[in-house]
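Observations on the three-dimensional arrangement
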Amino acid sequence: MYDTAVTEQTVDQTTTKISARNVQVHYADTHAIRDVDVKIEDKTVTAFIGPSGCGKSTFLRTLNRMNDTIDICRVQGEILLDGENIYDPKVDPVQLRAKVGMVFQKPNPFPKSIYDNIAYGPRIHGLAKNKADLDVIVEKSLRRGAIWNEVKDRLHAPGTGLSGGQQQRLCIARAVATEPEVLLMDEPCSALDPIATGQVEELIDELRKNYCVVIVTHSMQQAARVSQKTAFFHLGNLVEYGDTGEIFTNPIDPRTESYITGRIG
Amino acid sequence: MTDASIPSASVPDGAPSGRSSSLLTLDGRVRRRNAAERRFRMYGIGAVAIGLIFLALLLVAIVRNGGPAFTQTFITVPIELVEAKLDKTGNRDLDEIKKVSTFGYKPLVVDGLSVLLTRNGIDNVLTKRKDIAKLISASAVGQIRDHVVANPDQIGQTVEFRLLASSRVDGYFKGRVSRESLARDKNLDAAHLDIADALMARGALDRAFNWNFILGADASESRPEQAGIGVSMLGSFFMMLVVLALALPIGVATSIYLEEFAPQNRWTDLIEVNISNLAAVPSIVFGILGLAVFIQFAELPQSAPLVGGLVLTLMTLPTIIISTRASLKAVPPSIRDAALGVGASKMQSVFHHVLPLAMPGILTGTIIGLAQALGETAPLLLIGMVGYIASNPPDGIASGFLDPNSAMPAQIYEWAKRADPAYYERAWGGIIILLLFLMSMNIIAILLRRRFERRW
Amino acid sequence: MSPIWTLLFVVALAAIGYGAGRARAMRSASGDIRNLHSLPSYYGANAMLSVLVPALALMVIWLIVQPMFIETRVQQHIPPQSYADSGALSLIMSDVRRVADGLTVAVREGVFSVDDAAGLNSQSTDIRAALGSVGVALGSDVEPYVLKAAQEYRALSGTGQTLRSIAVLALALAGLIWSLRRTNRTFRARNVVERALLALLIMAASIAVLTTLGIVLSLVFNTVEFFKLYPWTEFFFGLTWAPSFGGGSELGILPLFWGTFYISLIALAVAVPIGLFAAIYLSEYASPAVRGFAKPMLEVLAGIPTIVYGLFALLTVGPALVALFGREGTLGLNWMSGGTAVMTAGLVMGIMLIPFISSLSDDIINSVPQSMRDGSLGLGATKSETIKQVVLPAALPGIVGAILLAASRAIGETMIVVLGAGAAARLSMNPFEAMTTVTAKIVSQLTGDADFASPEALVAFALGMTLFVITLCLNIFALWIVRKYREQYE
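Since we're looking at a predicted model, the values are computed, not measured. (Residues numbered from 1 in each chain as written. Chains lettered and ligands numbered in written order. Predicted model: local features only at pLDDT ≥ 70, side-chain atom pairs only at ≥ 80, totals over all residues. Heavy atoms only, no water.)

Remarks on the overall build of chain A
The cut-off we apply is this: Starting at the N terminus, helices and strands are each numbered in turn, a helix being any DSSP run of H or I of at least four residues and a strand any DSSP run of E of at least two. Two things to know: the radius of gyration comes from C-alpha atoms, and the globule rule equals 2.2 Å times the number of residues to the power 0.38. Accessible area is worked out with a 1.4 Å probe on protein chains only. A residue is then buried under 20% of its type maximum, exposed over 50%, and partly exposed in between. The protein chains shown are the only cover counted for residues, whose accessible areas, like all others here, come from Shrake-Rupley with a 1.4 Å probe. Only four residue types enter the charge count, namely Lys and Arg as positive and Asp and Glu as negative; His and the chain termini do not. All charge positions are set by atom: Lys at NZ, Arg at CZ, Asp at CG, Glu at CD.
Helix and strand counts for chain A stand at 10 helices and 10 strands. For 265 residues, the compact-globule formula gives about 18 Å, and the C-alpha radius of gyration of chain A, at 18 Å, lands near that figure. In chain A, which comprises 265 residues, the proportion classed as buried is 60%. Accessible surface computed for chain A: about 10,400 Å², of which carbon and sulfur atoms make up 49%. Charge centroids of chain A, computed over 30 positive and 35 negative side chains, lie 5 Å from each other.

Some words on the overall build of chain C
Within chain C, the secondary structure is distributed over 17 helices and 2 strands. For 490 residues, the compact-globule estimate of 2.2 N^0.38 gives 23 Å, and the C-alpha radius of gyration of chain C, at 33 Å, exceeds that figure by more than 25%. With the C-alpha coordinates aligned to their principal axes, the bounding extent of chain C is approximately 90 × 75 × 40 Å. Going through the 490 residues of chain C one by one, you find that 48% of them count as buried. Each charge class in chain C can be summarised by its mean position, and for the 31 positive and 30 negative side chains these summaries are 16 Å apart.

Considering helix α10 (residues 288-303) of chain C
Stated formally: To estimate the expected span of a helix, subtract one from its residue number and multiply by 1.5 Å. By definition, residues are in contact when any of their heavy atoms lie within 4.5 Å.
With 16 residues, α10(C) extends 23 Å from end C-alpha to end C-alpha; this agrees with the ideal 22 Å at 1.5 Å per step. Looking at the buried side of α10(C), the elements it contacts are α1 (28-66) of chain B together with α9 (254-285), α11 (306-325) and α12 (342-366) of chain C.

Regarding the interface of chain C and chain B
Test applied: Accessible area that two parts lose when put together, with a 1.4 Å probe and added across both, is what the buried area reports. For salt bridges, the criterion is a side-chain nitrogen of Lys or Arg within 4 Å of an Asp or Glu carboxyl oxygen.
At the junction of the two partners, chain C supplies 76 residues and chain B supplies 70 residues. When chain C packs against chain B, the two sides together hide about 6,200 Å² of surface, and 80% of this comes from carbon and sulfur. Run the count over chain C and chain B and you get 1 salt bridge. A salt bridge links B:Arg33 to C:Glu385, with the nearest nitrogen and oxygen atoms 2.8 Å apart.

Focus: the environment of C:Arg22
Residues and elements named next belong to chain C. Here arginine 22 lies in helix α1 (residues 3-28). Residue classification places arginine 22 among the partly exposed positions, given a relative accessible area of 36%. Distance in space between the C-alpha atoms of arginine 22 and alanine 47 is 8.5 Å, their sequence separation being 25 residues. Aside from chain neighbours lying at most four places away, what touches arginine 22 is Pro40, Ser41, Tyr43 and Gly44.

Points about the domain arrangement of chain C
How big an interface is tends to be expressed through the accessible area that disappears when the partners come together. For clarity, the threshold we go by: These domain boundaries are the output of an automatic or database domain assignment.
Domain boundaries assigned for chain C yield domain 1 (3-187) and domain 2 (241-489). Each of domain 1 of chain C and domain 2 of chain C has a C-alpha centre, and these two points are 51 Å apart.

Description of the pattern of salt bridges
On inspection of all chains with the given rule, the structure shows 36 salt bridges over all chains. Between A:Glu150 and A:Arg169 there is a salt bridge whose closest N-O contact spans 2.8 Å. Of this pair, A:Glu150 sits in helix α5 (residues 148-151) while A:Arg169 sits in helix α6 (residues 164-177), and the two are 19 residues apart along the sequence. Overall, the relative accessible area of 1% leaves A:Arg169 in the buried class. The salt bridge involving B:Arg162 is made with B:Asp206; its shortest N-O contact spans 3.2 Å. One end of the pair, B:Arg162, is in strand β2 (residues 158-164); the other, B:Asp206, is in strand β3 (residues 205-209), and 44 residues separate them in sequence. Of the residues examined, B:Arg162 reaches a relative accessible area of 37% and is grouped as partly exposed. Its relative accessible area of 23% is what places B:Asp206 among the partly exposed residues. One network of salt bridges, in which partners are shared, links B:Asp170, B:Lys174, B:Arg176 and B:Glu425.

Here's the deal with the state of the cysteines
Residues and elements named next belong to chain A. We apply this condition: Two cysteine sulfurs form a disulfide in these notes if their separation is within 2.5 Å.
Applying the stated criterion to the full structure yields 0 disulfides over all chains. Of all cysteine sulfurs in the structure, the one in cysteine 73 sits closest to cysteine 54, which takes part in no disulfide; the separation is 15 Å. Under the relative-accessibility criterion, cysteine 54 is labelled buried at 1%. Among the cysteines around cysteine 212, which has no disulfide bond, cysteine 189 carries the closest sulfur, lying 18 Å off. For cysteine 212, a relative accessible area of 0% corresponds to the buried category.

Looking at the sheet that holds β2(B)
Residue and element names in this part refer to chain B. Short version of the rule: When DSSP finds at least two bridges between two strands, those strands are taken to pair. Only the contacting stretch of a helix is used when fitting its axis, a line to C-alpha atoms as for every element, and angles between N-to-C directions run 0 to 180 degrees.
Read across the sheet, 3 strands follow the order β2-β1-β3 without closing on themselves; strand pairing throughout is antiparallel. Both edges of this open sheet fall to β2 and β3, since each of them pairs with a single strand only. Taking each pair of neighbouring strands and ignoring which way they run, the sheet shows an average axis angle of 35°. Across 7 bridges, the pairing between strand β1 (residues 71-80) and β2 is antiparallel. By the bridge assignment for β2, threonine 76 is matched with arginine 162.

What about the packing of aromatic side chains?
Geometry of an aromatic ring pair is reported as the spacing of the ring centres plus the angle between the planes. What counts, and what does not: The aromatic pairing rule takes the rings of Phe, Tyr and Trp, using the six-membered ring of Trp, and pairs them if the centres are within 6.5 Å, calling planes under 30 degrees apart stacked, those over 60 edge-to-face and the rest tilted.
The tally for this structure, following the rule as stated, stands at 31 aromatic pairs over all chains. Measuring from centroid to centroid gives 5.7 Å for B:Phe40 and C:Phe277, while their planes differ by 65°, and the two rings are edge-to-face. Taken together, the residues span two chains, with B:Phe40 in helix α1 and C:Phe277 in helix α9. Note on B:Phe40: relative accessible area 6%, which makes it buried. Consider the rings of C:Phe235 and C:Phe236, whose centres lie 4.9 Å apart with planes at 70°: the pair is edge-to-face. Residue C:Phe235 is classed as buried on the basis of its relative accessible area of 0%. Owing to a relative accessible area of 30%, C:Phe236 belongs among the partly exposed residues under this scheme.

Quick word on the pairing of strand β6 (residues 100-103) of chain A
Residue and element names in this part refer to chain A. Burial of the side chains of β6 extends over both faces: Val100 and Met102 are buried on one face and Gly101 and Val103 on the other. Relative to strand β7 (residues 182-186), β6 runs parallel, the two sharing 4 bridges. Looking at the pairing, valine 100 lines up with valine 182 of β7.

Things to note about the nonpolar core
Which entries qualify depends on this criterion: Throughout this description, the term nonpolar core refers to a set of buried Ala, Val, Leu, Ile, Met, Phe, Trp, Tyr and Cys residues connected via side-chain atoms within 4.5 Å.
Formed by 218 residues in total, the largest nonpolar core has its most connected members in A:Met185, A:Leu207, B:Phe286, C:Tyr309, C:Leu353, C:Ile442 and C:Leu463. With near-sequence residues (within four places) excluded, C:Tyr309 lies in contact with B:Leu58, C:Leu301, C:Ala302, C:Ile304, C:Val348, C:Ile351, C:Met352 and C:Ile416. If you look at the next biggest cluster of nonpolar residues, it comprises 42 residues, including B:Val77, B:Tyr172, B:Leu182 and B:Leu193.

A short note on the packing of helix α10 (residues 230-261) of chain B against helix α7 (residues 189-229) of chain C
For any two helices packed against each other, the geometry is given by the interaxial angle and the distance between the axes. Here is the rule: Relative orientations are named as follows: roughly parallel for angles under 35 degrees, roughly antiparallel for angles over 145 degrees, roughly perpendicular for angles from 65 to 115 degrees, and oblique for any other angle. By the convention adopted, Pro, Cys, Tyr, Trp, Phe, Met, Ile, Leu, Val and Ala count as nonpolar, Lys, Arg, Asp and Glu as charged, and the other residues, Gly among them, as polar.
It is the contact of α10(B) with α7(C), at a shortest axis distance of 8 Å, that shows an interaxial angle of 110°. As the angle between them shows, α10(B) and α7(C) are arranged roughly perpendicular. Note on element contacts: α7(C) touches α10(B) through C:Leu198, C:Leu201, C:Ile202, C:Ala204, C:Ala205 and C:Ile207, opposite B:Ile250, B:Ala253, B:Thr254, B:Ile256, B:Tyr257 and B:Phe261. The residue inventory of the contact of α10(B) with α7(C), partitioned by class, reads 11 nonpolar, 1 polar and no charged.

Here it is, written out as structure tokens:
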């Protein structure tokens with residue numbers, strides 16, 4: 001089955017950031033991801049869509065080896081980041097995750113102050129030489145997270161005291177603070193109300209200028225709004241991958257069409 | 001959404017971190033961090049290992065020190081029951097025979113041992129001939145007298161007796177006593193040990209399994225070789241009966257009330273707070289309660305298993321209540337609704353449906369509570385179950401509850417306090433028995449849980 | 001009739017009541033169970049309860065009140081000049097009881113006839129010898145007034161016993177008749193029985209409160225007694241603990257406090273790092289197989305009775321420490337002279353507390369949400385950085401609570417210190433010296449031969465009170481912290 005036959009044609013003016021070849025993921029006896037080949041472009045928002053349990057989140061988590069934290073999970077195949085296989089035994093997942101940041105479904109600020117939440121990554125990676133450096137990084141990250149104006153007067157208040165949308169933007173700012181090249185977002189808006197969702201989506205659009213963003217989403221509208229590329233997953237297979245406009249208006253695979261028109265999902 | 005686009009001019013956009021551009025080469029910082037990670041992990045492994053080593057040390061100490069208590073050295077001695085000494089009138093009148101005290105049997109033992117030595121061709125090298133009796137436990141004369149009183153017709157014959165060796169001789173064969181240590185000991189000379197060695201070689205002296213330790217009674221301070229834990233085991237048994245008979249129904253009733261019927265009010269809150277605090281009150285305080293309320297105020301007898309049982313009941317109640325409530329809580333509300341739905345009263349739904357389903361959990365909790373009570377010592381110290389020599393088994397049920405007795409942990413404590421190191425071996429041996437009881441109770445609890453555990 | 005027989009009769013009546021109530025209900029429903037309001041067994045149970053509850057209640061009250069009443073009546077026979085204070089009076093009263101019991105035995109053995117026993121006088125008969133012959137040994141000859149009082153005691157007890165039996169049985173019978181008269185097919189027996197059951201449940205639940213009340217009262221009364229005999233300022237601020245049963249004791253609690261505190265401190269210094277690191281390793285790093293083995297093994301340590309730890313301290317750890325730090329020790333330091341020391345007890349207590357700390361911390365660490373860890377790992381933190389900088393700070397209040405609970409355990413622990421810490425109360429910094437604790441002194445003051453009314457014995461209650469208050473405060477505070485912490489993540 002050549003699900004990904006359409007991917008080749010889209011590589012023209014942009015560069016490929018991540019390319020996955022023949023990726024298989026097993027959870028104990030379950031084959032969660034089958035034969036996924038995909039090339040994800042830099043400075044682009046790529047959306048993974050598909051029904052629940054289709055493997056889109058699992059695949060996202062293989063991209064920064066978050067699956068390593070689950071004992072029963074095995075990954076086969078190759079995932080290249082800038083041409084280097086991230087599953088190479090010489091690669092340290094810690095170093096990888098600094099390059100490939102992640103934002104989770106539920107906002108998960110640490111029970112620390114807003115400042116310490118942002119400074120956490122730079123501190124552990126040694127990005128700041130001194131306090132002044134750190135202050136600059138924190139400010140820059142909060143600005144990039146589009147939350148600076150809301151929190152600049154209470155940087156030392158606990159991060160858990162913010163509203164849901166603010167918490168999620170704080171988490172995005174936290175991810176940005178480690179200067180990643182890729183940002184993975186696992187349904188970042190599913191726990192947020194529509195207004196907060198709008199703010200985060202706007203932010204994602206901004207982030208595209210500096211990062212390669214991969215977003216898993218349940219909502220096709222959201223995929224249509226924020227992404228340039230869309231990949232449709234179904235039962236662990238990558239069914240179709242292409243420009244978002246194409247996928248939504250002119251899907252090739254009948255399964256994609258069924259999903260988009262609401263017959264499966 | 002304006003601030004996201006403001007470029008912060010002061011921050012150099014290129015990473016100043018010195019972070020390696022390739023993933024395949026580790027930079028120094030990551031290497032250091034990984035080393036820290038490994039160190040941290042080693043601390044964890046170390047902590048677990050230390051905990052396990054402590055456990056192993058404890059178990060080794062118990063088994064190595066307590067094991068010898070289960071064997072005992074015996075000497076088989078032919079004793080001539082001389083008629084002239086035991087029954088002067090010769091008419092086998094039992095009352096006459098009983099008049100001869102154990103003291104009168106002493107020469108018989110000395111003679112018997114001398115015969116034994118000659119028969120085996122061993123010289124009595126002792127300066128005083130009758131010192132040979134020191135090889136034998138002081139309890140031997142009592143044993144012979146009991147035999148004579150039971151079998152008066154054997155007077156005049158020579159009977160083979162298996163007598164307990166004295167604790168020093170026993171300790172010599174267990175490695176506790178050496179010729180050097182005897183130099184300061186007036187109970188036995190090194191010469192005795194030579195004789196004992198010779199007897200051992202000829203087979204007249206042997207080490208055998210010590211049933212008396214498991215089944216027998218405590219002995220006086222000077223006769224460790226005779227002491228057993230059997231009677232205090234009975235004391236513990238009667239205490240556990242009291243605990244079971246009181247703590248189980250009261251605990252279950254309390255839990256049912258709190259879990260199923262209690263309204264949210266101050267009294268209920270007070271009960272809840274009390275239970276959680278009682279669970280953490282030091283056990284010695286329960287001993288003070290027992291002393292003041294049961295013995296001083298209610299004038300119940302001191303040292304009685306009944307009082308011990310009452311104190312331990314109060315101490316165990318919180319444990320049982322907490323586990324019973326947990327298992328009542330685990331029964332899903334749908335069961336209650338189903339019973340109420342077919343017209344059962346609340347009380348019927350609880351007693352017919354919820355309680356039977358929660359029973360395995362309740363029993364498990366009760367057994368664990370009992371095990372805890374069985375090993376508890378501190379409160380027993382205060383109600384006088386220590387310092388009492390449990391030398392007679394209770395005769396009958398009422399006496400079992402009311403007559404002074406000891407309990408297993410109290411007996412162990414008592415032995416540990418005695419001066420003769422021979423008693424330490426008994427204390428460790430007692431611990432082995434106590435732990436065997438606790439282990440089997442816990443295994444039963446685990447099996448119960450495995451067998452009946454239900455996932456809803 | 002003795003109480004046992006009365007009880008048996010009441011139980012028999014209750015059994016009859018059960019059968020009769022059931023049968024009567026069935027008859028009133030003309031044998032058709034559907035005509036009844038409740039199941040037949042409820043009618044039976046109702047009748048049974050109506051017999052048992054009032055009769056047994058009366059019996060219990062009577063058994064408590066009668067001796068008090070007789071006591072006051074009998075005391076009138078004892079001339080006031082024969083005793084100096086209430087203590088002497090109670091001694092005489094126990095003599096009276098003993099003589100009375102002796103007479104009862106004598107009558108049973110046939111030494112005296114019933115009339116003899118009531119009419120005896122001490123001039124004509126040697127009571128002491130007579131009672132001695134039936135196995136009741138008296139300490140001295142019987143004073144005439146004691147004999148008189150004993151005879152009165154016997155007479156009153158006899159009358160009381162008869163009256164009690166009659167009253168209890170009559171009440172039981174009345175209950176039976178009353179309940180049977182109420183029994184007919186419309187009577188709501190189930191509701192009545194269930195109300196009675198509920199009352200029973202409430203009574204059971206109240207025992208916890210009664211226990212606390214019992215603890216508090218027994219401590220408070222005796223502590224107040226103690227402070228009447230000994231100034232409280234010297235108790236709380238005295239620097240010397242030197243009880244002497246001849247009087248003139250110095251009973252300052254501070255040296256005991258110091259011993260308790262020092263030993264607990266060493267115990268926590270052993271248990272907290274080991275327990276905490278073990279919990280972290282088992283919950284964050286260990287493979288399921290390792291966890292499945294090590295966790296229950298560590299918990300075995302928690303199931304071992306404290307007497308075992310006490311023995312371990314006294315006979316194994318103490319000598320081992322002396323062999324290391326003692327005069328002829330391997331390290332040649334000469335720091336330690338005897339096996340019993342603060343270090344011995346503290347070390348062993350620490351071992352005992354390891355599983356306590358580790359299983360509590362394990363629960364607490366596990367209740368930190370996984371999303372927290374993901375967030376940190378997703379930023380490229382290593383596991384240990386995640387644990388140190390995210391998980392532990394989040395779990396800190398809970399862990400502090402666990403440590404406080406462990407501290408309260410350590411302070412209240414008795415057997416290990418009784419066997420392992422020594423008996424000398426002293427204020428010293430050297431952990432290799434013997435010291436003693438509050439709990440150890442409670443034991444030694446109450447197991448000696450001291451008179452219970454002397455300050456040397458009563459001080460144990462004041463110590464117990466102090467211990468109770470301290471551990472209670474620690475527990476309440478710790479439980480409060482833990483609960484607050486749990487709520488945060490629920």
